[in-house]
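Coordinates in review
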Amino acid sequence: MKKFLAFICMSVFLLESTYNVYATEPNVVISEVIYDEVIDVDELIQLGIEQYRGKPMTRSDTEKDSLTVTQVLGEKEYANGEKERTICISEIAIMDQDGEQLTERAIAYSSGHNYGEEVTDGVTLICTIYATMKISDIPSADMVTFRCDRVTSTIVREGNIYPETGTTEYYHIQGNEHQSAPFTATMASGTQVYTLNVSGGNFYVSSSIPVMDGLVGQSSLRLSNGHQMNVQAGVAQDDPFAVWDN
């Protein structure tokens, strides 16, 4: 399965450091683990397919037009009992030449070209939000909070449709935080990545429905065929990675 199961298999890439703890340095890091991130688009989609097929499906599940991928990138523990986990959530959208966007199920169960023949004639747009998750071991403050670190827009073109202008955004409505960065895509085939580094972000509780009151990243892209793609990636409070494993 290559290295795209990095968040499960530590053997792909594992760096662990342990530091001595001193009473005069309550915020010193006592342990840190870093995991390799899957960034290759083919491998990222395959990872999303594995995650999609591995979760239980219910009748109430809605048909999304993007494939979700969650990765854990690192873990830290401090001398004062606080723990941090860095994560990233990607939403992968694929649009064909006719302006039709593939559903999550279509991406997961199509055949050919690893993840679907349709993508060879269209555009893939991936919005990824990177966040730091923090939890304290103090019972009264035993609540998970999140801070957005950056958002990326990744574009893959494999056909006659050209990406034009776009915007990478981050917002948290309740915290009144909003930052954006416009970009102009190139017409070349292949992969392009545009990054918004979030400055001065704070830690917040994130809504179970991120678009309402959660940390949300958004990638918007205009295409040469007149269509527009808007992809949102949010950090949900009830995400399975939000519960710290003891």
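Here, the structure is the one placed above.
On a predicted model such as this, the values are computed, not experimentally measured, just so you know.

Definitions and limits used
- Residues numbered from 1 in each chain as written.
- Predicted model: local features only at pLDDT ≥ 70, side-chain atom pairs only at ≥ 80, totals over all residues.
- Heavy atoms only, no water.
- Helix = DSSP H or I, 4+ residues; strand = E, 2+ residues; numbered from the N terminus.
- Expected span 1.5 Å × (residues − 1).
- Contact = heavy atoms within 4.5 Å.
- Polar contact = N/O pair within 3.5 Å; in protein donor to acceptor, adjacent residues only side chain to side chain.
- Salt bridge = Lys/Arg side-chain N within 4 Å of Asp/Glu carboxyl O.
- Buried < 20%, exposed > 50% of the residue type's maximum accessible area, 1.4 Å probe, protein only.
- Patch = residues over 30% accessible without salt bridge, like charges linked within 9 Å, V, L, I, M, F, W, Y side chains within 5 Å.
- Areas by Shrake-Rupley, 256 points an atom, 1.4 Å probe, with all protein chains shown as cover.
- Disulfide = S-S within 2.5 Å.
- Pairing = 2+ DSSP bridges.
- Phe/Tyr/Trp six-rings, centres within 6.5 Å; stacked < 30°, edge-to-face > 60°.
- Lys NZ or Arg CZ within 6 Å of the ring centre and 35° of its normal.

What follows deals with helix α1 (residues 41-54). Here α1 is 14 residues long and its end C-alpha atoms lie 20 Å apart, about the 20 Å a rise of 1.5 Å per residue gives. Packed against the buried residues of α1 are β3 (67-78), β4 (83-95), α2 (104-109), β5 (123-135), β6 (145-157) and β9 (190-197). Regarding α1, its N-cap is Asp 40, as a side-chain oxygen of that residue lies 3.2 Å from the backbone nitrogen of Asp 42 further along.

On to the pattern of salt bridges. Pairing between side chains becomes possible if they bear opposite charge and their charged atoms approach one another. Following the criterion strictly, the structure yields 4 salt bridges and no others. In this structure, the salt-bridge partner of Arg 85 is Glu 75, at a minimum N-O distance of 2.6 Å. Separated by 10 residues along the polypeptide, Arg 85 in strand β4 and Glu 75 in strand β3 bring together distant segments of the chain. Residue class for Arg 85 comes out buried when judged on its relative accessible area of 4%.

A few words now on a nonpolar patch on the surface. Nonpolar side chains collect at one region of the surface, where Ile 209, Val 211 and Met 212 lie side by side and expose about 290 Å² of accessible area between them. Here Met 212 lies in helix α3 (residues 210-213).

A separate point is the state of the cysteines. What the rule picks out here adds up to 0 disulfides. With no disulfide of its own, Cys 127 has Cys 148 as its nearest cysteine by sulfur position, at a separation of 9.3 Å.

For the rest of this paragraph, the subject is the side chain of Thr 152. Positionally, Thr 152 belongs in strand β6. Overall, Thr 152 belongs to the buried group, its relative accessible area being 6%. Each residue touching Thr 152, except ones within four places of it in the same chain, is listed here: Ile 126, Cys 127, Thr 128, Tyr 130, Thr 168, Val 193, Tyr 194, Thr 195 and Ser 219.

Let us now look at the pairing of β4. For β4, a buried count of 12 out of 13 residues is recorded, marking the element as mostly surrounded by other parts of the structure. Taken together, the 10 bridges between β3 and β4 define a ladder with antiparallel strand orientation. What sits directly across from Val 69, in β4, is Ser 90. Where β3 folds back on β4, the antiparallel hairpin that results is connected by 4 residues, among which Gly 81 adopts a positive phi of roughly 95 degrees. Where β4 and β5 come together, 13 bridges link them in antiparallel fashion. Looking at β5, one finds that Ile 94 is bridged to Thr 124.

Of the two faces of strand β11 (residues 228-235), the one holding Met 229, Val 231, Ala 233 and Val 235 is buried and the one holding Gln 228, Asn 230, Gln 232 and Gly 234 is not buried anywhere. Pairing geometry for strand β10 (residues 215-223) and β11, over 8 bridges, is antiparallel. For Gly 217, the partnering residue across the bridge sits in β11 and is Ala 233. Where β10 folds back onto β11 in an antiparallel hairpin, the turn is made up of 4 residues, including Gly 226, whose phi is positive at roughly 90 degrees.

Before going further, it helps to spend a moment on the packing of aromatic side chains. Summed over the entire model, instances satisfying the criterion amount to 2 aromatic pairs. Plain terms: the ring middles of Tyr 52 and Tyr 109 are 6.1 Å apart, the flat faces sit at 70 degrees to each other, and that makes the pair edge-to-face. Linking Tyr 52 in helix α1 with Tyr 109 in helix α2, this pair joins segments that are 57 residues apart in sequence. Relative accessible area serves as the criterion here: at 5%, Tyr 52 is assigned to the buried category. Judged by relative accessible area, which is 43%, Tyr 109 ranks as partly exposed. Ring centres of Phe 183 and Tyr 194 lie 4.3 Å apart, and the angle between their planes is 5 degrees; on these two criteria the pair is classed as stacked. Here Tyr 194 lies in strand β9 and Phe 183 lies in strand β8 (residues 177-184), a separation of 11 residues in the sequence. As far as burial versus exposure is concerned, Phe 183 and Tyr 194 are alike and both buried. Its end group placed over the ring of Tyr 130, Arg 150 keeps NZ or CZ at 3.7 Å from the ring centre.

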